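Summary of the model geometry
Spelled out, the chains give:
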Amino acid sequence: MESMLIGNTFPLTLMRRRLTVDVVPLTELLRAVKGKRIASFWGHANTLRAASAAVGVDLTPATERPVLTLSPEGLPMLDGEVFRECWILSPDCRRNFRPSIGEELKPEEIRGWQCLRLIWQISESK
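A brief look at the structure comes next.

Rules behind the numbers
- Residues numbered from 1 in each chain as written.
- Predicted model: local features only at pLDDT ≥ 70, side-chain atom pairs only at ≥ 80, totals over all residues.
- Heavy atoms only, no water.
- Phe/Tyr/Trp six-rings, centres within 6.5 Å; stacked < 30°, edge-to-face > 60°.
- Helix = DSSP H or I, 4+ residues; strand = E, 2+ residues; numbered from the N terminus.
- Core = buried A, V, L, I, M, F, W, Y, C linked by side-chain atoms within 4.5 Å.
- Buried < 20%, exposed > 50% of the residue type's maximum accessible area, 1.4 Å probe, protein only.
- Contact = heavy atoms within 4.5 Å.
- Salt bridge = Lys/Arg side-chain N within 4 Å of Asp/Glu carboxyl O.
- Pairing = 2+ DSSP bridges.
- Arc of directions from axis to C-beta.

What to know about the packing of aromatic side chains
Counted by the stated rule, this structure contains two aromatic pairs. Ring geometry for Phe10 against Phe41: centres 6.3 Å apart, planes inclined by 85 degrees, an arrangement best described as edge-to-face. Highlighted residues: Phe10 in the loop between β1 (3-7) and β2 (19-24) and Phe41 in the loop between β3 (37-40) and α2 (45-55), separated in sequence by 31 residues. In this structure an aromatic cluster arises from ring pairing among Phe10, Phe41 and Trp120.

Quick word on the nonpolar core
Met4, Leu29, Trp42, Leu59, Trp87 and Leu89 are the most contacted members of the largest nonpolar core, which totals 17 residues. For this core, the secondary structure elements donating two or more residues are β1, α1 (26-33), α2, β7 (85-93) and β8 (110-120). Those residues within four positions of Leu29 in sequence are excluded, and the remaining contacts are Met4, Ile6, Val55, Trp87, Leu89 and Cys115.

Some remarks on the pattern of salt bridges
Tallying each qualifying case throughout the model produces three salt bridges. In this structure, the salt-bridge partner of Arg117 is Glu28, at a minimum N-O distance of 3.6 Å. With Arg117 in strand β8 and Glu28 in helix α1, this residue pair connects regions lying 89 residues apart in the sequence. As a salt-bridge pair, Glu85 and Arg117 come within 2.6 Å of each other at their nearest N and O atoms. Of this pair, Glu85 sits in strand β7 while Arg117 sits in strand β8, and the two are 32 residues apart along the sequence. Relative accessible area serves as the criterion here: at 26%, Glu85 is assigned to the partly exposed category. One salt-bridge network, in which partners are shared between bridges, spans Glu28, Glu85 and Arg117.

Things to note about the sheet that holds strand β5 (residues 76-78)
Pairing is antiparallel in the open sheet, where three strands are placed in the order β4-β5-β6. Sheet topology places β4 (69-70) and β6 (81-82) at the edges, where each strand pairs with a single neighbour. Here β4 pairs with β5 via two bridges, running antiparallel. Bridging from a neighbouring strand, Thr69 pairs with Met77 of β5.

Points about α2
Taken together, the buried positions of α2 are occupied by Thr47, Leu48, Ala51, Ser52 and Val55. Seen from one end, α2 has its buried residues packed into an arc of 140 degrees, which puts them on one side. Residues Arg49 and Ala53 are exposed on α2 and point more than 90 degrees away from its buried face. Elements that come into contact with the buried residues of α2 comprise α1, β7 and β8. At the C-terminal side of α2, Gly56 shows a positive phi close to 85 degrees.

A few points about the environment of Arg37
Mapped onto the elements of the fold, Arg37 is located in strand β3. Note on Arg37: relative accessible area 38%, which makes it partly exposed. Measuring from C-alpha to C-alpha, the distance between Arg37 and Leu5 comes to 8.8 Å, with 32 residues separating the pair along the chain. Beyond its immediate stretch of four places on either side in the chain, Arg37 contacts Met1, Glu2, Ser3, Met4 and Glu81.

Laid out in structure tokens, this is it:
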């Protein structure tokens, strides 16, 4: 079964080669998850249940506090598996909302979802 990498954010410091980032509708992510094994690096327990419900699959990571690394080719890697594509699902909240320092986002504050698709280039140039 093909794996799909998904998380709530992607660290810019791990972008070490050319990639494209596209804003896509949630419906595109819903189609993409069908029949895939989910490799999740979801980092916020407080939004995990709401995100899983929005996508219709369990986004719970296989390990607590998963760590993304890079392959020798500069591609994202999770638990030893290398990916050329990554999906990011981030909550949309009311305008200008920002939790206080130390406060977590509450699921009832989520108004919708922002979806990004990151695709690393196949060419050898970085």
